[in-house]
Amino acid sequence: MPEIILLAIESSCDDTSAAVCVDGKVISNLTANQKVHEQYGGVVPEMASREHTKNIVPVVVEAMKQANVTAKDLKAVAFTRGPGLMGSLLVGGMFAKSYAQALNIPLIDVHHMHAHVLAHFIDEPKPNFPFLCLTVSGGHTQIVLVKDYLEMEVIGTTIDDAAGEAFDKTAKMLQLPYPGGPLIDKYAQTGNPKRFSFSEPQIDGLDFSFSGLKTNVLYFLQKESKLNPSFIQENLNDICASVQQTIISILMKKLLKASQETGINDIAIAGGVSANSGLRNTLSEFGKKNNWNVYIPQFQYCTDNAGMIAISAYYKYLRNEFCTLDIPIKARLEF
Ligand code: KG4
Ligand code: ZN
């Protein structure tokens, strides 16, 4: 049987990533992170696209080298079609289109948020269908009802900020560099999550809101810093632990509600924020308490990576779901 060897590209935000997958196994997964944004407190879109143009060829060459494959072995090229930053998506998308055309092989478009969910099929244990996936990233916060590899529905979403933004904006207020999520996670590990309390939103159904928390944290820090200018430095760990605990509590209450309403006990987390140690531990505890089968991805498959694009492309390949070279790349793409 000929092998299905796919090259996948992810460039939706500030990571340039390439992966090779052979018969549904991710063999190489390489990412070039962009450090230029740290000093600006967020991703600068124009700089991100320029960095992608520098990184894309060396990252692809290295991913193919590590997987020990050459261009003639490839059966298709996959890329992230959206959602994401337009300039960033265009670099990966145009590279994939050009390469597929040059090699005269099919092209596969992948939805970035579907790919975060399908990252669970890279390694064992793989979830059973149907399952619920809390997909939490810098731009999205969703509860996804996953019926099959290519059949999924968003049953809860944020009405304003994403969970990752709540982490990153809090970090910015604490004068921590971008992306602040991992740093809040680090400081929170030695902090007291009960020291400060922040309000949780009252939103109907399975939707989320994080903008109120952001304002709550801002006013709290302004008030305390007026009384004591070193308040942040002296209480950094407790502030991080308390904000993180509030974000986790907002997420977990809705996830529990979704499980109760759907009767589904196979529960996964995905996206950059699923790398958060507090969220990972809390999900495991909820799993034990509620008899859930929980699925937590390996760290390398939480944040943006081409491995998740490759595995998604594999399932599309098996179903002959290819796209044409003129498919538009979309900053906003319906789920
Ligand atoms: O999925 P991702 O890599 O990119 C998007 O598609 O947005 O997610 C990036 C987000 C950022 O907001 C980052 O701060 C957050 O994931 N993040 C974390 C952690 N690692 C990454 N948030 C909390 N704790 C972490 N350990
Ligand atoms: Zn992402």
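The structure we're discussing is the one just above.
Let me sum up the structure you'll find in this document. (Residues numbered from 1 in each chain as written. Chains lettered and ligands numbered in written order. Predicted model: local features only at pLDDT ≥ 70, side-chain atom pairs only at ≥ 80, totals over all residues. Heavy atoms only, no water.)

**Here we look at the pairing of strand β7 (residues 141-148)**
At step 1: Summarising burial for β7: six of the eight residues are buried, a large majority.
At step 2: Pairing of strand β6 (residues 131-136) with β7, which is carried by six bridges, proceeds in the antiparallel orientation. Residue pairing across strands places Leu132 opposite Leu145, the latter belonging to β7.
At step 3: Hairpin geometry of β6 and β7 is characterised by an intervening segment of four residues between the two adjacent antiparallel strands.
At step 4: When β7 meets strand β8 (residues 151-157), the two strands line up antiparallel, connected through six bridges. Bridging from a neighbouring strand, Asp148 pairs with Glu151 of β8. (Buried < 20%, exposed > 50% of the residue type's maximum accessible area, 1.4 Å probe, protein only. Helix = DSSP H or I, 4+ residues; strand = E, 2+ residues; numbered from the N terminus. Pairing = 2+ DSSP bridges.)

**Some words on the coordination of the zinc ion (ligand 2)**
At step 1: Ligation of the zinc ion (ligand 2) by protein atoms is provided by His112 (NE2), His116 (NE2) and Asp304 (OD), these donors lying 2.0 to 2.1 Å from the ion.
At step 2: Mapped onto the sequence, the donors of the zinc ion (ligand 2) take the spacing H-x3-H-x187-D. With His112 and His116 both in helix α3 (residues 112-118) and four residues apart, the pair spans about one turn of that helix. As far as the burial class goes, His112 and His116 line up, both buried. (Donors = N, O, S within 2.8 Å, 3.2 Å for Na, K, Ca; no water.)

**Points about the sheet that holds strand β4 (residues 76-82)**
At step 1: Overall, mixed pairing links the five strands, which are arranged β3-β2-β1-β4-β5 in an open sheet. Taken across any chain shown, the strands that pair with only one partner, and hence form the sheet edges, are β3 (25-33) and β5 (107-111). For this sheet, the mean inter-axis angle between neighbouring strands, taken without regard to orientation, is 20 degrees.
At step 2: Against the sheet, helix α1 (residues 45-67) touches β1 (5-10), β2 (15-22) and β3, its axis set at about 25 degrees to β2.
At step 3: In the packing of helix α9 (residues 306-318) onto the sheet, the strands contacted are β1, β2, β3, β4 and β5, and the crossing angle to β1 comes to about 135 degrees. (Axes fitted to C-alpha atoms, helices over the stretch in contact; angles between N-to-C directions. Contact = heavy atoms within 4.5 Å.)

**Digging into the packing of aromatic side chains**
At step 1: Counted by the stated rule, this structure contains 16 aromatic pairs.
At step 2: Pairing Phe196 with Phe231 gives two aromatic rings, centres 5.7 Å apart and planes at 65 degrees, and the pair type is edge-to-face. Here the residue Phe196 occupies a position in the loop between α5 (181-188) and α6 (211-227), and Phe231 occupies one in helix α7 (residues 231-262), the gap between them amounting to 35 residues.
At step 3: Taking relative accessible area as the criterion, Phe231 reaches 5% and is therefore assigned buried.
At step 4: When the ring of Phe220 is compared with that of Phe231, the centres are 5.6 Å apart and the planes differ by 75 degrees; the resulting orientation is edge-to-face. (Phe/Tyr/Trp six-rings, centres within 6.5 Å; stacked < 30°, edge-to-face > 60°.)

**Points about the pattern of salt bridges**
At step 1: Under the defined criterion, the tally for this structure stands at 13 salt bridges.
At step 2: Between Arg50 and Glu46 there is a salt bridge whose closest N-O contact spans 2.9 Å. Of this pair, Arg50 and Glu46 are both found in helix α1, four residues apart, which corresponds to roughly one turn of the helix.
At step 3: You can call Glu46 partly exposed: its relative accessible area is 46%.
At step 4: With its nearest N and O atoms 2.9 Å apart, the salt bridge here joins Asp161 to Lys214. You can see Asp161 sitting in the loop between β8 and α4 (163-173) and its partner Lys214 sitting in helix α6, a full 53 residues away along the chain.
At step 5: One continuous salt-bridge network, built from bridges that share partners, spans Asp161, Glu165, Lys169 and Lys214. (Salt bridge = Lys/Arg side-chain N within 4 Å of Asp/Glu carboxyl O.)

**Focus: the nonpolar core**
At step 1: By size, the foremost hydrophobic cluster in this structure holds 44 residues, and its most contacted members are Phe210, Leu221, Ile247 and Leu251.
At step 2: Counting only elements with at least two residues in this core, the list comes to β6, β7, α4, α5, α6, α7, β9 (266-270) and α8 (277-290).
At step 3: Leave out the neighbours within four places in its chain, and Phe210 touches Thr141, Thr158, Asp160, Asp161, Ala162, Ala163, Ala166, Ile247, Ile250 and Leu251. (Core = buried A, V, L, I, M, F, W, Y, C linked by side-chain atoms within 4.5 Å.)

**So, α8**
At step 1: Here α8 spans 20 Å end to end across 14 residues, near enough to the 20 Å set by a 1.5 Å rise per residue.
At step 2: The set of residues buried in α8 consists of Ser277, Gly278, Leu279, Arg280, Thr282, Leu283 and Gly287.
At step 3: Taken together, the buried residues of α8 touch β6, α5, α7, β9 and β10 (293-295).
At step 4: If you check the start of α8, you find a side-chain oxygen 3.0 Å away from the backbone N of Gly278, and it comes from Asn276.
At step 5: Just beyond α8, the residue with positive phi is Asn291, at close to 60 degrees. (Expected span 1.5 Å × (residues − 1). Polar contact = N/O pair within 3.5 Å; in protein donor to acceptor, adjacent residues only side chain to side chain.)

**Quick notes on unusual backbone geometry**
At step 1: With omega at -10 degrees, the peptide bond leading from Phe129 into Pro130 counts as cis.
At step 2: Mapped onto the elements of the fold, Pro130 is located in the loop between α3 and β6.
At step 3: Note the cis peptide between Tyr178 and Pro179, where omega equals -10 degrees.
At step 4: Position of Pro179 relative to the elements: it lies in the loop between α4 and α5.
At step 5: Notably, Asp23 is not glycine yet its phi reads approximately 50 degrees, a positive angle.
At step 6: Looking at the secondary structure, you find Asp23 in the loop between β2 and β3.
At step 7: Residues other than glycine seldom take positive phi values, yet Asn320 does so here, at roughly 55 degrees.
At step 8: If you trace the backbone, Asn320 turns up in the segment after α9.

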